[in-house]
Amino acid sequence: MIKVFYDGKCGLCSKEIRHYQAVAPEGVFEWQDVTALPQSQLEDEGLDLVQSLKHLHAKDSQGNIHIGVDAFLLIWQSLARWRWLARLVALPGLYALAAFAYRGFAKWRFQRLGHCQIASQNNQT
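How each quantity is defined
Residues numbered from 1 in each chain as written. Predicted model: local features only at pLDDT ≥ 70, side-chain atom pairs only at ≥ 80, totals over all residues. Heavy atoms only, no water. 1 Å grid on protein atoms, 1.4 Å probe; cavity = no way out; pocket = protein on both sides within 12 Å on 5 of 7 lines; lining within 4 Å. Points joined across faces, edges and corners; volume = space filled by probe spheres on them. Helix = DSSP H or I, 4+ residues; strand = E, 2+ residues; numbered from the N terminus. Nonpolar A, V, L, I, M, F, W, Y, C, P; charged D, E, K, R; others polar. Salt bridge = Lys/Arg side-chain N within 4 Å of Asp/Glu carboxyl O. Buried < 20%, exposed > 50% of the residue type's maximum accessible area, 1.4 Å probe, protein only.

Student: I tried to follow the layout of surface pockets on my own but got confused; where do I start?
Tutor: Over the atoms, a rolled probe matching the size of one water molecule traces out where space is still vacant. Considered as a void within the structure, the largest pocket measures approximately 370 Å³ in volume. Lining of the largest pocket is provided by 23 residues; of these, Glu 16, Leu 56, Phe 72, Tyr 102 and Phe 105 occupy positions nearest its centre. Of all the secondary-structure elements, those providing two or more residues to the lining of the largest pocket are strand S1 (2-6), helix H1 (11-23), helix H3 (49-54), helix H4 (69-77) and helix H6 (92-112). When residues of the lining of the largest pocket are assigned to their parent elements, the largest contribution, six residues, is made by H6. Looking at the lining of the largest pocket, its residues break down into 17 nonpolar, two polar and four charged.

Student: How do you make sense of the pattern of salt bridges when you look at a structure like this?
Tutor: Think of it this way: side chains of opposite charge can pair up when their charged atoms draw near. A complete count under the given rule lists three salt bridges for this structure. Between Arg 109 and Asp 7 there is a salt bridge whose closest N-O contact spans 2.9 Å. Note that Arg 109 is positioned in helix H6 and Asp 7 in the loop between S1 and H1, a separation of 102 residues in sequence. Under the relative-accessibility criterion, Arg 109 is labelled buried at 4%. Residue Asp 7 is classed as buried on the basis of its relative accessible area, which comes to 3%. The salt bridge involving Glu 45 is made with Lys 59; its shortest N-O contact spans 2.8 Å. Here Lys 59 lies in strand S3 (residues 57-59) and Glu 45 lies in the loop between helix H2 (39-44) and H3, a separation of 14 residues in the sequence. Residue classification places Glu 45 among the buried positions, given a relative accessible area of 13%. Connected via shared salt-bridge partners are Lys 3, Glu 45 and Lys 59.

Structure, rendered in structure tokens:
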């Protein structure tokens, strides 16, 4: 079972996750909206709310946490029509480009969403 931790208050994130849910085979994924989970449950998973809001996280069946592009690769590898993209993005040059682009997008998205800023401020106190 792959556990996917996503920002359910982000419209774009939720839309993408709904698509994956619609095409995912039964019993492969467990979808976790980090904005709806108690802090203690996130901590039990080895996750931090702010970091989980900043980047997509996924935990594989061995308990390894994949973050950002690596989380997408894990998801895509398990979806029939997305496997080709996983193989393509995993190529060294494309992987580096995708990781760079994702980090930039994730930073921009995090900075513009109010609930992310509130979580970040609460984390500093």
